[in-house]
Amino acid sequence: MNGSLVLTPQFTDTGTRSAASAHNNALVDRAKAGDRLAFSQLIEANYDFIFRTACKWTGKKSDAEDIAQEVCIKLATAIQSFDGRSAFTSWLYRVTLNMVRDMQRSSVRKAKNVDAFALVHPEDDPGGQEEATTAHQIWERVSTLPDKQREAIMLVYGEDMNHVEAAEIMGCKEATVSWHIHEAKKTLRGLL
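Residues numbered from 1 in each chain as written. Predicted model: local features only at pLDDT ≥ 70, side-chain atom pairs only at ≥ 80, totals over all residues. Heavy atoms only, no water.

Draft legend 1. Inspection of the overall build of the protein chain at higher detail. Helix and strand counts for the protein chain come out as eight helices and zero strands. Along the protein chain, helices and strands appear, N-terminal first, in the series α-α-α-α-α-α-α-α. Partitioning the intrachain contacts of the protein chain with sequence separation of at least 6 by distance along the chain shows that 61% fall at a separation of at least 24. (Helix = DSSP H or I, 4+ residues; strand = E, 2+ residues; numbered from the N terminus. Contact = heavy atoms within 4.5 Å.)

Spelled out as structure tokens, the structure:
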């Protein structure tokens with residue numbers, strides 16, 4: 001590996017996703033009842049998801065590791081607030097995203113989201129450098145958007161979510177996500 005951090009969307013079939021969801025729900029119920037082993041298994045089963053999510057939003061592996069650890073610590077008490085109205089992973093995504101926001105607000109050195117999506121290195125395939133440079137420029141512009149527009153773009157285009165899934169994460173209506181994306185595209189047209 002050349003030191004760059006490149007993340008790609010993780011695709012799973014719906015059968016696997018349903019089984020994982022059922023397993024998470026069973027572990028959540030046991031963890032809420034005080035079962036430490038279940039809590040440990042829940043963390044173990046979802047740590048990579050937490051880390052990948054944090055990494056995509058911060059663009060820095062070291063920050064993502066810190067956030068993942070903080071999320072795991074926070075889950076010890078926050079698990080009681082999970083009410084099952086959404087999928088556990090959607091709730092966990094929100095918890096992780098909130099931790100990322102907290103870190104970014106408190107940090108003077110605000111991380112750039114672009115690093116997780118497109119890095120150009122001389123040792124990379126020369127044929128792909130032009131495309132990577134363009135992607136780098138686009139994500140650089142995305143990082144300058146207002147928070148809600150940036151979040152909508154990152155969830156829909158960076159995480160490959162549909163508007164309904166993004167709305168669930170952002171805690172708003174699907175139409176609001178669509179509006180944020182529309183506004184972001186108007187802004188980006190002016191910047192590119």
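There's plenty left to go through after this.
Draft legend 2. Molecular detail of the nonpolar core. Counting 47 residues, the largest nonpolar core has Val 71, Leu 75, Phe 88, Leu 155 and Val 177 as the members making the most contacts within it. Of all elements in the fold, only α1 (14–32), α2 (36–58), α3 (61–78), α4 (88–106), α5 (126–142), α6 (147–158), α7 (163–170) and α8 (174–191) reach the threshold of two or more residues within this core. Taken together, domain 1 (13–111) and domain 2 (117–192) each give at least three residues to this core, which thus spans both. Apart from the residues within four sequence positions on either side, Val 177 is in contact with Ala 152, Val 156, His 163, Ala 166, Ala 167, Met 170 and Cys 172. (Core = buried A, V, L, I, M, F, W, Y, C linked by side-chain atoms within 4.5 Å. Buried < 20%, exposed > 50% of the residue type's maximum accessible area, 1.4 Å probe, protein only. Domains from an automatic or database assignment.)

Draft legend 3. Structural detail: the side chain of Asn 24. By the element assignment, Asn 24 lies in helix α1. Judged by its relative accessible area of 6%, Asn 24 is buried. For Asn 24, the residues in contact, after removing those within four places along its chain, are Leu 42, Ala 45, Asn 46, Phe 88 and Thr 89.

Draft legend 4. Representation of the packing of α2 against α3 within the structure. Their axes nearest at 8 Å, the elements α2 and α3 cross at an angle of 140°. Here α2 is positioned oblique relative to α3, judged by the angle of their axes. In this structure, α2 meets α3 at a crossing whose hand is right-handed. Of the residues in α3, those touching α2 at Phe 39, Ile 43, Tyr 47, Ile 50, Phe 51, Ala 54, Cys 55 and Thr 58 are Lys 61, Asp 63, Ala 64, Glu 65, Ile 67, Ala 68, Gln 69, Val 71, Cys 72, Leu 75 and Ala 76. (Axes fitted to C-alpha atoms, helices over the stretch in contact; angles between N-to-C directions. Parallel < 35°, antiparallel > 145°, perpendicular 65-115°, else oblique. Left-handed = near helix turned anticlockwise from the far one by under 90°.)

Draft legend 5. How the structure looks around the packing of aromatic side chains. On inspection of all chains with the given rule, the structure shows four aromatic pairs. Between Phe 82 and Trp 91 the ring centres are 5.4 Å apart and the planes differ by 55°, which places this aromatic pair in the tilted class. What makes Trp 91 buried here is its relative accessible area of 9%. Arranged with centres 5.7 Å apart and planes meeting at 35°, the rings of Phe 88 and Trp 91 form a pair that is tilted. Of this pair, Phe 88 and Trp 91 both sit in helix α4, three residues apart, roughly one helical turn. Joined through ring pairs, the aromatic side chains of Phe 82, Phe 88 and Trp 91 make up one cluster. (Phe/Tyr/Trp six-rings, centres within 6.5 Å; stacked < 30°, edge-to-face > 60°.)

Draft legend 6. Seen up close, the pattern of salt bridges. Scanning the entire structure with this criterion turns up six salt bridges. A salt bridge links Asp 83 to Arg 85; the nearest nitrogen and oxygen atoms lie 2.6 Å apart. Asp 83 gets classed as partly exposed once you look at its relative accessible area, which sits at 48%. Overall, Arg 85 belongs to the exposed group, its relative accessible area being 75%. With a shortest N-O distance of 3.2 Å, Lys 186 and Glu 183 are connected by a salt bridge. Here Lys 186 and its partner Glu 183 are both found in helix α8, three residues apart, which amounts to about one turn of the helix. We classify Lys 186 as partly exposed; its relative accessible area is 42%. A relative accessible area of 17% places Glu 183 in the buried class. (Salt bridge = Lys/Arg side-chain N within 4 Å of Asp/Glu carboxyl O.)

Draft legend 7. Quick peek at the environment of Ala 166. Positionally, Ala 166 belongs in helix α7. On a C-alpha basis, the gap between Ala 166 and Thr 176 in space is 10.0 Å, while along the polypeptide they are ten residues apart.

Draft legend 8. Fine view of α3. Here α3 contains 18 residues, and its C-alpha end-to-end distance of 24 Å stays within 8% of the 26 Å for a straight helix at 1.5 Å per residue. Looking only at α3, the buried set comprises Asp 63, Ala 64, Ile 67, Ala 68, Val 71, Cys 72, Leu 75 and Ala 78. Packing partners of the buried residues in α3 comprise α2 and α4. (Expected span 1.5 Å × (residues − 1).)

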